[in-house]
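# Structural overview
This is what each chain is made of:
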Amino acid sequence: MDDMTKMMDRTGMEVLDMAECLRLVDSVPVGRLAMIDRGEIVVFPVNHVVDGTMVCFRSAYGSKMDAALMRHVVSFEADSYDAETHDGWSVMLKGRADLVTDPDQLARLRASGVRPWSNALARDTWIAVQPTEISGRRIVE
């Protein structure tokens, strides 16, 4: 999109289309999963990969897996910011967490190279966030 056709929000930030949002999320190795756990809002950093329109990450047993088993509504956010150049963007996905069970998708995800931060626990389960809403903004100077 050239400068003349960029959509801007009320604050002067560029509104990103879905394809650009997914491209940007896939360009960074870590995003944040926000969800409700025992009545509290929690945010977890996760290594992830974009598969189609889904954001996928590995998990061990615990609150993220519980959320996927119950198909809870979650948010996923990724961003990048350069303080020196004042360039940056942020993308938010809202949707349901779900366990990945499709053999073809599991094969793609396993081949993606996404590795957990820590090997203290086996993280053999893949969770996908299938977005119902995707929004993104980029700083425009």
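Everything here concerns the structure above.
Residues numbered from 1 in each chain as written. Predicted model: local features only at pLDDT ≥ 70, side-chain atom pairs only at ≥ 80, totals over all residues. Heavy atoms only, no water.

Now for a negative patch on the surface. A cluster of like negative charges, contributed by D82, E84, D87 and E141, occupies part of the molecular surface. Relative to the elements of secondary structure, E84 occurs in the loop between β6 (73-82) and β7 (87-99). (Patch = residues over 30% accessible without salt bridge, like charges linked within 9 Å, V, L, I, M, F, W, Y side chains within 5 Å. Areas by Shrake-Rupley, 256 points an atom, 1.4 Å probe, with all protein chains shown as cover. Salt bridge = Lys/Arg side-chain N within 4 Å of Asp/Glu carboxyl O. Lys, Arg positive; Asp, Glu negative; His and termini not counted. Charge placed at Lys NZ, Arg CZ, Asp CG, Glu CD. Helix = DSSP H or I, 4+ residues; strand = E, 2+ residues; numbered from the N terminus.)

The subject of this paragraph is the nonpolar core. Grouped together as the largest cluster of nonpolar side chains are 23 residues, with contacts concentrated most on V25, F76, V91 and L93. Contributions of two or more residues to this core are made by α1 (18-26), β2 (30-37), β5 (54-59), α2 (63-69), β6, β7 and β8 (125-138). Setting aside residues no more than four positions away along its own chain, L93 makes contact with L22, V25, T53, V55, V74, S75, F76, P131, E133 and I134. Grouped together as the second largest cluster of nonpolar side chains are nine residues, V49, L109, V114 and W126 included. (Core = buried A, V, L, I, M, F, W, Y, C linked by side-chain atoms within 4.5 Å. Buried < 20%, exposed > 50% of the residue type's maximum accessible area, 1.4 Å probe, protein only. Contact = heavy atoms within 4.5 Å.)

Time to look at a nonpolar patch on the surface. Together, I36, I41 and V43 make up a nonpolar patch on the protein surface, roughly 310 Å² of accessible area in all. Mapped onto the secondary structure, I36 falls in strand β2.

Covalently bonding the sulfur atom of one cysteine to the sulfur atom of another cysteine gives a disulfide. Within the structure shown, the criterion is met by zero disulfides. No disulfide involves C21; its sulfur sits 17 Å from that of C56, the nearest cysteine. Relative accessible area serves as the criterion here: at 0%, C21 is assigned to the buried category. (Disulfide = S-S within 2.5 Å.)

This paragraph deals with helix α3 (residues 103-111). Those residues of α3 that sit buried are Q105, L106 and L109. Buried residues of α3, seen end-on, are gathered within an arc of 100° and therefore sit on one face of the element. Among the exposed residues of α3, those oriented more than 90 degrees off its buried face are P103, D104 and A111. Looking at the buried side of α3, the elements it contacts are β4 (49-51), β5 and β8. Its side-chain oxygen 3.2 Å from the backbone nitrogen of D104, D102 forms the N-cap of α3. Two residues or fewer after α3 comes G113, characterised by a positive phi angle close to 90°. (Arc of directions from axis to C-beta. Polar contact = N/O pair within 3.5 Å; in protein donor to acceptor, adjacent residues only side chain to side chain.)

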